[in-house]
Amino acid sequence: MLQGLMRNPERLKALAKEAKEFALQHGVVMRTVETPDSSEVVTYAPFTLFPTPVPKAVFHQALAVQTHFNTLVDKISQDPGFLEEALASTVQADDFTAKLFDIYRQVQREGRTQSIVLGVNRSDYMPNQREDGTCSLKQMEINTISAGSFGVTGLLPVVHRHILRLVGLLEESQHVPDNNTLAAVVRALAKAWELYGQQKAVFMFLVEDVQISKLSHRCIENELWKRDIPVIRRKFEDVVKTGYLNGDKKMFVDGLEVAVVYYRYGYVPNNYKEQTWEARLLMERSLAVKCPDIGTHLAGTKKVQQELARPGVLERFFPDQPQVVEQIRATFAGQYTLDMGPEGDQTVAMALAKPDEFVLKPQREGGGNNFFGEDIVRILEEVKGDKRRAAYILMDRIRPKVEHNVLLRRGLPLQLSSVCYEIGVFGAYVRHGGEMVLNEAAGHTLRTKSIEHSDGGVCNGVTIFDSPLFY
Ligand code: ADP
Ligand code: MG
């Protein structure tokens, strides 16, 4: 079908035009890089013209394991011994992780004050192509802070079904699943606010200066306001200027008591300045519910993920649940330590021998930070002799299945591209003291990129929103 369409450029152009108009009308909107704070000119969020074929079984495997990942992240966040050991060498090599870990230690020393824990994470997978043509689900990473992109993907099934119907694929249009991530995530956010138990206390989005993602945050804000939950948006600087804790460690910002801090920023080093680290510490010490709290943030580091892949480690968190361990472990790709010592030396040798089979990952988020192929050799040759290498982990490179689609993005030519996709599954949970009061697999996001890019990222224009077409 795609091939036929490519032979008819006029028809393709008309279809793309229709898709963009339909998408805009259904809220698939984004601000532009040129005018990130203005509503005068906006554009459609990048999306694929068609939904991409995804094996239903693989997709459901990812959804089915999510509540266990929620539990796992939550358990790690409460296990200072494990975090301390897992991150010991990383904090010596990576300043950012070290700063986060300092805050974690300080909060631990003071004793925890808030027993309500709110987690919103996204576990990202690729299907790894086997030689027999089948594929297995492999996790690339789990994000425990600022896990986003559910504003747009929830709107796309309607758009994709419409496109399929336009080209006469009625039957296929029924194989694009619904996606109710927004509602599920908001249930968790609202639950945490309710448990805090102060009607006037606000729900605070911690956001950046340049607010290109503001429109997608708005989807969440609107849902909270509908539930009579007052929402404010503040930057680190605002917390620095007006934030304080009272004698009970209740936090006030601009004179308003804060029930929940929801971080949509603060996940990479350049989000921080000297003073803003103090603001982060203030929030972590406070009675406000943090999404995520500092322990949960650290549970999402790539180093922790690598440690989890070691034999016996998952069993520590699920001692009597071999099936859960098996279900989680089935999604792990090989991951290897680069800590100083014989094991790390072996990792270095293995990577240098076959760099194309691995990915070298620093402790960073947001896409565009990983190293592939010859870059792995370059970096490792530089750091292999000393503890700087512990700032990275090595991971088996996943070989995703290649599909074809037309990527719609401002400035991109209208053409058939070879693409691969990433399945992201959202998890949302709320724990109150010892009791999990909510634990959900909160929907999905499918993100697709041209295979010419090794790494991803929405803001740098690589990642395009998509929907699965089940087969
Ligand atoms: P970040 O936290 O920066 O998003 P990720 O680990 O999710 O880091 O990796 C970013 C991108 O790099 C992914 O979207 C994917 O395209 C690519 N990538 C990550 N891990 C692998 C892997 N093991 N094999 C192949 N590609 C990978
Ligand atoms: Mg990430």
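Keep in mind that what you see is a predicted model, and the values were worked out from it rather than measured.

Analysis parameters
Residues numbered from 1 in each chain as written. Chains lettered and ligands numbered in written order. Predicted model: local features only at pLDDT ≥ 70, side-chain atom pairs only at ≥ 80, totals over all residues. Heavy atoms only, no water. Salt bridge = Lys/Arg side-chain N within 4 Å of Asp/Glu carboxyl O. Buried < 20%, exposed > 50% of the residue type's maximum accessible area, 1.4 Å probe, protein only. Phe/Tyr/Trp six-rings, centres within 6.5 Å; stacked < 30°, edge-to-face > 60°. Domains from an automatic or database assignment. Contact = heavy atoms within 4.5 Å. Buried area = accessible area lost by both parts, 1.4 Å probe. Near = heavy atom within 4 Å. Polar contact = N/O pair within 3.5 Å; in protein donor to acceptor, adjacent residues only side chain to side chain. Areas by Shrake-Rupley, 256 points an atom, 1.4 Å probe, with all protein chains shown as cover. Pairing = 2+ DSSP bridges. Helix = DSSP H or I, 4+ residues; strand = E, 2+ residues; numbered from the N terminus.

Asks: What am I meant to see in the pattern of salt bridges here?
Replies: Oppositely charged side chains may form a pair once their charged atoms are brought near each other. Following the criterion strictly, the structure yields 33 salt bridges and no others. With a closest N to O distance of 2.8 Å, Asp 124 and Arg 122 form a salt bridge. Its relative accessible area of 2% is what places Asp 124 among the buried residues. Among the ionic pairs, Lys 401 bridges to Glu 403, the shortest N-O distance being 3.4 Å.

Asks: What is the right way to read the packing of aromatic side chains from this model?
Replies: For any pair of aromatic rings, geometry is given as the distance between the ring centres together with the angle between the planes. By the definition in use, this model includes 17 aromatic pairs. For the pair Tyr 272 and Trp 277, a centre-to-centre distance of 4.0 Å together with 15° between the ring planes defines the contact as stacked. A residue is classified by how much of its surface remains accessible, and Trp 277, at 12% relative accessible area, is buried. Here a set of aromatic residues connected by ring pairs shows up, and it is made of Phe 96, Phe 236, Tyr 265, Tyr 272 and Trp 277.

Asks: When you look at the domain arrangement of the protein in this model, what are you seeing that I'm missing?
Replies: Interface size is often expressed as the accessible area that is lost when the parts come together. Split by domain assignment, the protein resolves into domain 1 (2-333 + 398-470) and domain 2 (335-397). Centre-to-centre separation of domain 1 and domain 2, based on C-alpha positions: 25 Å. Taken together, the contact pairs 29 residues of domain 1 with 26 residues of domain 2. Taking both partners together, domain 1 and domain 2 bury about 2,400 Å²; carbon and sulfur atoms supply 47% of that area. For the interface between domain 1 and domain 2, the tally reads four salt bridges. A salt bridge links Arg 310 to Glu 343, with the nearest nitrogen and oxygen atoms 2.9 Å apart.

Asks: Explain the site of ligand 1 here, please?
Replies: Taken together, the neighbourhood of ligand 1 is formed by 22 residues, with Lys 361, Glu 365, Gly 367, Glu 422 and Lys 449 sitting nearest. At 2.9 Å, a side-chain N or O of Asn 370 approaches an oxygen atom of ligand 1. For ligand 1, the protein covers 95% of the area, taking 550 Å² as the surface of the free molecule. The residue makeup of the shell around ligand 1 includes at least three contributed by each of domain 1 (2-333 + 398-470) and domain 2 (335-397).

Asks: When you look at the sheet that holds strand β15 (residues 371-372) in this model, what are you seeing that I'm missing?
Replies: In spatial order, the strands read β13-β16-β14-β15; together these four strands make up an open sheet with antiparallel pairing. A strand with exactly one partner marks an edge of an open sheet, and here the two such strands are β13 (335-336) and β15. With two bridges connecting them, strand β14 (residues 358-362) and β15 associate as antiparallel partners. Within β15, the position partnered with Leu 360 by the bridge is Phe 371.

Asks: Honestly, the pairing of strand β17 (residues 403-408) in this entry has me stumped. Any pointers?
Replies: Both faces of the sheet carry side chains from a regular strand, because those side chains alternate between them. Extensive coverage of β17 is indicated by the burial of five of its six residues. Where strand β3 (residues 47-48) and β17 come together, two bridges link them in antiparallel fashion. When the sheet's bridge partners are listed, Thr 48 is paired in β17 with Leu 407. Sheet analysis places β17 next to strand β18 (residues 416-432), joined by four bridges and oriented antiparallel. Note on β18: the bridge partner recorded for His 404 is Ser 418.

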